[in-house]
Amino acid sequence: MTAPTEARRVVFHVDLDAFFVAVERVLDPSLHGKPVVVGGSPDGRGVVAAASYEARAFGVRSAMPMARAVRLCPQLVRVRGSRDAYRRASRAVFGLLRELTPRLQKVSIDEAYLDLSGQPLVAGRAFDTALRLQQQVRERFRLDLSVGVASNRLVAKVASGASKPVGVLEVLPGQEQRFLAPLPIRKLPGIGPATAERLHGLRIQTLGALVDADPRRLEAHLGRDVEGLQMRARGIDTSPVRPAQPDALPKSISHETTFPVDRSKLSYLEKRLAELLHATASRLREREAVARTVSIKLRLTDFTTLTRDRTLPHPGREDADFLPTARQLLEDLLDGRTPIRLLGVKLAGIERGAWQPALFEEAKPARTSD
DNA sequence: GACTATGCGTGTCCGT
DNA sequence: ACGGACACGC
């Protein structure tokens, strides 16, 4: 007998441990036991994308400049990394997890939520099911993962983080607020460096303190969605686990690059702009999609970041549909003297690739895929 | 939490 | 529609 309205939700947050490094170790077992990072180019401007726990023991962290990581840990082993291998490994692992339930939402290359509400569980216990899953992935793929088990996504996510590495942590229904209260505010998804800084200014360090804070005082300093923030700090979250639509299109596609040294010459920047645009539009075409908005991004030496976008009268898909606009946006921002650190291109307003064949187009045979 | 430094890609929200 | 800030993952 199943209750017609089963209120109790069971949500897993599954998170692969040091994922890029773990995949590299499968490919090259000699990397085991060593401080390893996967990360950017060795040109001095790269950053750490993933660090092994041995490297973390030296203070090496994700997003840390590679130069600094090497200073902290001179024997650091650096691996360039291959997105493609990670994508394949990710697909394999989550394919296995999908056998447990199709109600699986992949949220990044190494993370997914599973909704096991009303599912049969190992020994009737969610915790044992999580352990089993962890064990299966280790046997099949030699990859470690951590699982947070809770009555909602938010708490499951915090729990998996707290259990890392190779952990399983279940927060029982009713215990959500108690579990979160002692944690630093940064542990709550949605509180990043900027919000944390403002809260610290109000002497709020823990999620318990955030729950207890006067909402009007918070409003004055944060401005936005304070009510939702406090609800989340109490562990309340009703967002559903939503399996991705197989045919879903991304909202935007972008590429950006940081130059080995800052560059100011227009000719150089336009060349790179065309390359970035080509890479971006190629991916758009792979998806058989079109885009309406083209956007460029510049970062100056002092890290000032500027973006400019323009929406086209008609959606496009070829490089040539976007390049003049992208070039115009770039030229409007440049004086040929300002050194530029980073250049980026983004296409947005993406839709299925139904487009009007140009009325007077010659030579190129009109494609007829719709 | 600052810093000899600070990548890449995607998404959301806010103010105008 | 646009520009920026912020957040998140690795």
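Residues numbered from 1 in each chain as written. Chains lettered and ligands numbered in written order. Predicted model: local features only at pLDDT ≥ 70, side-chain atom pairs only at ≥ 80, totals over all residues. Heavy atoms only, no water.

**Focus on the overall build of chain A**
Regarding its fold elements, chain A presents 13 helices and 13 strands. When the 370 residues of chain A are sorted by exposure, 41% land in the buried category. For chain A, contacts bridging at least 24 residues in sequence account for 61% of all contacts bridging at least 6. As displayed, chain A offers around 20400 Å² of accessible surface, 51% of which is attributable to carbon and sulfur atoms. Charged side chains in chain A number 58 positive and 43 negative. The centres of these two groups are separated by 4 Å. (Helix = DSSP H or I, 4+ residues; strand = E, 2+ residues; numbered from the N terminus. Buried < 20%, exposed > 50% of the residue type's maximum accessible area, 1.4 Å probe, protein only. Contact = heavy atoms within 4.5 Å. Areas by Shrake-Rupley, 256 points an atom, 1.4 Å probe, with all protein chains shown as cover. Lys, Arg positive; Asp, Glu negative; His and termini not counted. Charge placed at Lys NZ, Arg CZ, Asp CG, Glu CD.)

**Digging into the pairing of strand β1 (residues 11-16)**
Most of β1 sits inside the fold, with six of its six residues counted as buried. In the sheet, β1 pairs with strand β7 (residues 145-150) via six bridges, with the strands oriented antiparallel. Its bridge partner lying in β7, V11 is registered against A150. Looking at chain direction, β1 and strand β6 (residues 111-115) are connected through five bridges and run antiparallel. (Pairing = 2+ DSSP bridges.)

**Points about the domain arrangement of chain A**
You'll often see interface size given as the accessible area lost when the parts meet. Partitioning chain A into structural domains gives domain 1 (11-17 + 85-176), domain 2 (22-82), domain 3 (181-233) and domain 4 (252-348). Computed over C-alpha atoms only, the centres of domain 2 and domain 3 are separated by 33 Å. (Domains from an automatic or database assignment.)

**Regarding the environment of L276**
Here L276 is to be found in helix α12 (residues 266-286). Separated by 37 residues in sequence, L276 and S239 have C-alpha atoms that sit 36 Å apart. For L276, the contacting residues outside a window of four places in its chain are H255, E256, T257, L343, G344 and V345.

**Here we look at the protein's contact with DNA strand C**
K157, G190, T195, D309 and T311 are the nearest of the 23 residues found near DNA strand C. The contact atoms of DNA strand C, taken as those within 4 Å of the protein, divide so that sugar and phosphate hold 94%. At 3.4 Å, a side-chain N or O of D15 approaches a phosphate oxygen of DNA strand C. T195 is positioned such that a nitrogen or oxygen atom in its side chain is 2.3 Å from a phosphate oxygen of DNA strand C. Listed by contribution, the elements that provide at least two residues to the surface near DNA strand C are β3 (48-51), α8 (193-201) and β11 (305-316). Residue contributions to the surface near DNA strand C peak at six residues, all from β11. (Near = heavy atom within 4 Å. Polar contact = N/O pair within 3.5 Å; in protein donor to acceptor, adjacent residues only side chain to side chain.)

**Focus: the sheet that holds strand β2 (residues 36-39)**
Strand order in the open sheet formed by three strands is β3-β2-β4, and the pairing between neighbours is mixed. Both outer strands of the open sheet, β3 and β4 (77-79), are each paired with one neighbouring strand and no more. Taken pair by pair, the neighbouring strands of this sheet meet at an average axis angle of 30 degrees, ignoring direction. Helix α1 (residues 19-27) rests against β2, β3 and β4 of the sheet, and its axis sits at about 110 degrees to β2. (Axes fitted to C-alpha atoms, helices over the stretch in contact; angles between N-to-C directions.)

**Observations regarding the protein's contact with DNA strand B**
Around DNA strand B, a shell composed of 22 residues is seen, among which S254, E256, T258, R283 and R341 lie nearest. Within 4 Å of the protein, the contacting atoms of DNA strand B are 68% sugar and phosphate, with bases supplying the remainder. Note that a phosphate oxygen of DNA strand B is positioned 3.1 Å from one of the backbone N or O atoms of K251. One of the side-chain nitrogen or oxygen atoms of R341 is found 2.6 Å away from a phosphate oxygen of DNA strand B. Taken together, the elements giving at least two residues each to the surface near DNA strand B come down to β9 (252-263) and β12 (340-348). Here the surface near DNA strand B takes seven residues from β9, the largest share from any one element. The residue inventory of the surface near DNA strand B, partitioned by class, reads seven nonpolar, seven polar and eight charged. (Nonpolar A, V, L, I, M, F, W, Y, C, P; charged D, E, K, R; others polar.)

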